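# Structure at a glance
Below, each chain spelled out in residue letters.
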Amino acid sequence: MIIKAEQKDIPTIQDLAKKSWSFAYANILKQEQIDYMLELMYSEKTLKEHFENPNYQYYLVQENNEFLGFIGFEIHQEAETTKLHRIYFLKEAQGKGLGKKALEFVINEAKNVNDKRVVLTVNKNNMAQKFYESQGFKVYDEAIFDIGNGYVMDDYLMEFMID
């Protein structure tokens, strides 16, 4: 079940981010960088700003009354483009088809507002890239983003074109 999140859900999002990042990035990033990025991207201030932006949406993914993941995306982030900023699941959610359902949900939300593509960035060493490709996303560029504190994100830029 995919449920629209509200500001009151910020602690749940923060908890899911911390748990899922420890799993997703354990073999890719040093713990210090994970901690830095979590604080940068999931502070209460940052998340409140997202909730105040009417184009930025958060949804919680629930199964058997347990939150297993979340998605965060921004409609019209560029002309006719929805950006998937966040899609994370707990380790125990892997292999249940929830990621596929969440991606389909984002694509449908983009269609509903007449956006023509969904874009995302993925770390070049993250196995999730293969998952995105299996769902119809294609790499269209790569970029290195300086995120401060001596850290960078070395990512592929991927897109899904909506017919």
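One structure accompanies this document, and this report is about it. (Residues numbered from 1 in each chain as written. Predicted model: local features only at pLDDT ≥ 70, side-chain atom pairs only at ≥ 80, totals over all residues. Heavy atoms only, no water.)

### Considerations on the packing of aromatic side chains
The description of an aromatic ring pair rests on the distance of the ring centres and on the angle between the ring planes. Quick note on the threshold: Two aromatic rings from Phe, Tyr or Trp, using only the six-membered ring of Trp, form a pair when their centres are within 6.5 Å; if the ring planes differ by under 30 degrees the pair is stacked, by over 60 it is edge-to-face, and anything between is tilted. Secondary structure elements are defined from DSSP: runs of H or I of at least 4 residues count as helices, runs of E of at least 2 residues count as strands, and each element is numbered from the N terminus. Buried means the residue's accessible area, taken with a 1.4 Å probe over protein chains only, is under 20% of the maximum for its type, while exposed means over 50%, and partly exposed covers the values in between.
One pass over the full model with this rule turns up 15 aromatic pairs. When the centroid spacing of 5.8 Å and the interplanar angle of 85° are considered together, the rings of tryptophan 21 and tyrosine 42 count as edge-to-face. Residue tryptophan 21 is found in helix 1 (residues 10-24), and its partner tyrosine 42 is found in helix 2 (residues 31-42); the two are separated by 21 residues along the sequence. Tyrosine 42 carries the same exposure label as tryptophan 21, and that label is buried. Three or more aromatic residues joined by ring pairs form one cluster here, namely Trp21, Tyr25, Tyr42, Phe70 and Tyr88.

### Side note on the pattern of salt bridges
Inclusion rule: One side-chain nitrogen of Lys or Arg within 4 Å of one carboxyl oxygen of Asp or Glu is enough to make a salt bridge.
Applying the stated criterion across every chain, the model contains 9 salt bridges. The salt bridge involving arginine 117 is made with glutamate 78; its shortest N-O contact spans 3.1 Å. With arginine 117 in strand 5 (residues 117-123) and glutamate 78 in strand 3 (residues 66-78), this pair connects stretches of sequence that are 39 residues apart. The shortest N-O distance in the salt bridge between arginine 117 and glutamate 159 comes to 2.6 Å. Of the two residues, arginine 117 sits in strand 5 while glutamate 159 sits in strand 7 (residues 151-161), which places them 42 residues apart along the sequence. Both residues of the pair, arginine 117 and glutamate 159, count as buried. A single network of salt bridges, built from pairs that share partners, joins Glu78, Arg117 and Glu159.

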